[in-house]
Amino acid sequence: MRTRQAMLLEQFNAAPADQARELLKPCLDVPRWIEEITAGRPFASLDALFDAARGAAKPFTADELEGALAHHPRIGENAAGKSTEASMSRSEQSGVDPRDDATITALAEGNRAYEEKFGRVFLIRAAGRSAEEMLSALQERLGHTPEQEDAIVAEQLREIAVLRLERSMNA
């Protein structure tokens, strides 16, 4: 008996390119990344697919980073809408309790300071992290230079993309 994951990989490999792109887009809305993975099909295994996703995400251009960040809500704020991407974001930020006023306030203040300093939303792979961990990382990263932060944001974006793809293929 084949596993559900093997069946999903077979379906992804066999899907028309436009359907493959639609599966990938909520994971990371960077057209070059989506095209590289779509063009790399068929993949022999999920590991090969995830390796290709990591490889296609190195490096990101400045424009790709900015475009991808436009789709990410602030940490501590729920993504609006019913899209797959919004649903993934809400799930990933489940470590933030909306009833914890002190943490929500601290995150909001940190987000504002980050955006003032770097001119973009604070991005962190929220999945598996508590609100306190995210707040601590936010406060630490406020001390970074723009160059340091560019590298960290790119790595966080790669982690988010691959994690979302893994979850999509292991559904």
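Everything that follows concerns the structure shown earlier in this document.
What counts as what
In this numbering scheme, every chain counts its residues from 1 along its sequence in written order. The predicted origin of the model limits local features to residues at a pLDDT of at least 70 and limits the giving and counting of side-chain atom pairs to 80 or more, whereas totals for whole chains, interfaces and linings rest on all residues. Note that water and hydrogens are dropped before the side-chain values are worked out from all heavy atoms of the structure. Salt bridges are defined as contacts in which a side-chain nitrogen from Lys or Arg sits within 4 Å of a carboxyl oxygen from Asp or Glu. Only DSSP runs of H or I reaching four residues or more are called helices, and only runs of E reaching two or more are called strands; each is numbered from the N terminus.

Enquirer: How would you explain the pattern of salt bridges if you had to name every residue and give the values?
Expert: Taken as a whole, this structure holds eleven salt bridges when the rule is applied. When the shortest N-O distance is used, the salt bridge between E166 and R54 registers 3.5 Å. Remark: R54 occurs in helix α4 (residues 46–56) and E166 occurs in helix α9 (residues 146–169); sequence separation between them is 112 residues. Here E155 ties to R158 by a salt bridge, and the two come within 3.2 Å at their closest N and O atoms. With E155 and R158 both in helix α9 and three residues apart, the pair spans about one turn of that helix. Taken together, the shared-partner salt bridges in this structure form one network comprising R32, E36 and E64.

Enquirer: Any details on unusual backbone geometry? Residues and values, ideally.
Expert: The bulk of non-glycine residues show a negative phi, and the bulk of peptide bonds are trans. P42 follows R41 through a cis peptide bond whose omega is 0°. Looking at the element boundaries, P42 is found in the loop between α3 (31–39) and α4. In the segment running from K58 into P59, the intervening peptide bond is cis, with an omega of -15°. Along the polypeptide, P59 turns up in the loop between α4 and α5 (62–69).

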